[in-house]
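Letter by letter, the chains look like this.
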Amino acid sequence: ENGVMSSSAGKQTWMLEELHSDGAVYLVDKQNQKVYTSVADQWPCLVGKLDITDGNKVRFFQSPPDLFSPLDSCLKSAAHKLSDLFHQLDASKSGKLKGDQLTTLVKMLLPGTADWELTYFRVLMDQLTEAEAV
């Protein structure tokens, strides 16, 4: 069918239909109203949700915060202090920071970081840890 992309994985089929919005082309999963990028030869990336109650408008998700650039700048300008902070927070002397220790380190390096940004940062770090363990 014209404008429909499907991908089969085993017995499951993922049906995505083209959606034209504000001069751009997206792909929409009509089962859950999720909207994805439409770039040739690339797997679709989730960018938002279709709001069927408001004339099928795309509601884009907020971009994730860029905590790494300010953290990188801070660490480069205060590299000598990082080791001291790390050892101060690593109470168990395990050589690793976990949970609240990591949150405290980010707060010390980037005061004014919002709670939701800290949560986002911790989730990213947990995912990276899980990925490294695989």
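Above: the structure in question.
Summarised in this report is the structure supplied together with it. (Residues numbered from 1 in each chain as written. Predicted model: local features only at pLDDT ≥ 70, side-chain atom pairs only at ≥ 80, totals over all residues. Heavy atoms only, no water.)

Things to note about the overall build of the chain
The condition that has to hold: Helix and strand definitions here come from DSSP, where helices need a minimum of 4 consecutive H or I residues and strands a minimum of 2 consecutive E residues; each element is numbered from the N-terminal end. To sort residues, take the accessible area from a 1.4 Å probe on protein chains only and compare it with the maximum for the residue type: under 20% means buried, over 50% means exposed, and anything in between is partly exposed. Under the convention used here, a 1.4 Å probe and the Shrake-Rupley method define accessible areas, while residue burial counts only the protein chains that appear.
Scanning the chain from terminus to terminus reveals four helices and six strands. Each helix (α) and strand (β) of the chain, taken in turn from the N terminus, gives the series β-β-β-β-β-β-α-α-α-α. Here the chain holds 134 residues, and the buried ones make up 26% of them. In the form shown here, the chain has an accessible surface area of approximately 9700 Å², with 52% of it arising from carbon and sulfur atoms.

Side note on helix α3 (residues 99–109)
How we decide: Working note: the arc is built from the helix axis to C-beta atom directions.
Those residues of α3 not exposed but buried are L102, T103, L105, V106 and L109. In a view along the axis of α3, the buried residues occupy a sector of 160°, so they form one face of it.

Thoughts on the nonpolar core
For clarity, the threshold we go by: By nonpolar core is meant a set of buried Ala, Val, Leu, Ile, Met, Phe, Trp, Tyr and Cys residues that side-chain atoms within 4.5 Å join together. The criterion used for residue contact is that any of the two residues' heavy atoms lie within 4.5 Å.
L71, C74, L85, L89, L97, L102, L105, V106, L109, L110, L118 and F121 form the largest nonpolar core, which has 12 residues in total. Those elements that place two or more of their residues in this core are α1 (68–77), α2 (79–89), α3 and α4 (115–133). The element contributing the most residues to this core is α3, with four residues. Once you skip the residues sitting within four places of it in the chain, C74 turns out to touch L109 and L110. By size, the runner-up hydrophobic cluster in this structure holds seven residues, among which are L19, V35, V47 and V58.

A few points about the pattern of salt bridges
So the rule is basically this: Salt bridge criterion: a side-chain nitrogen from Lys or Arg within 4 Å of a carboxyl oxygen from Asp or Glu.
The tally for this structure, following the rule as stated, stands at one salt bridge. Between D51 and R59 there is a salt bridge; the shortest N-O distance is 3.3 Å. Of the residues examined, R59 reaches a relative accessible area of 39% and is grouped as partly exposed.

Some points on the side chain of T113
Let me state the cut-off plainly: In protein, a polar contact requires one atom able to donate a hydrogen and another able to accept it; more generally it is a pair of N or O atoms within 3.5 Å, and residues adjacent in sequence count only if both atoms are side-chain atoms.
One can find T113 in the loop between α3 and α4. For T113, the side chain forms a polar contact with the main-chain oxygen of L110, separated by 2.6 Å.

Focus on the environment of N56
Inspection of the secondary structure puts N56 in the loop between β5 (46–51) and β6 (57–60). Assessed through its relative accessible area of 39%, N56 is described here as partly exposed. Each C-alpha atom of the pair N56 and L19 lies 9.5 Å from the other, and the pair is 37 residues apart in sequence. Setting aside its immediate chain neighbours within four residues, N56 contacts L50 and D51.

Examining the side chain of T103
Relative to the helices and strands, T103 resides in helix α3. With residues up to four places along the chain from it excluded, the contact list for T103 reads L118 and R122.

Here we look at the pairing of β6
A regular strand places its side chains so that they alternate between the two faces of the sheet. Inclusion rule: Paired strands, as defined in this entry, are two strands with at least two bridges between them according to DSSP.
Pairing of β5 with β6, which is carried by four bridges, proceeds in the antiparallel orientation. Residue pairing across strands places L50 opposite V58, the latter belonging to β6. Between the antiparallel neighbours β5 and β6 lie five residues, among them G55 with a positive phi of about 65°.

Thoughts on the environment of P70
Structurally, P70 is set in helix α1. Separated by 40 residues in sequence, P70 and L110 have C-alpha atoms that sit 7.7 Å apart.

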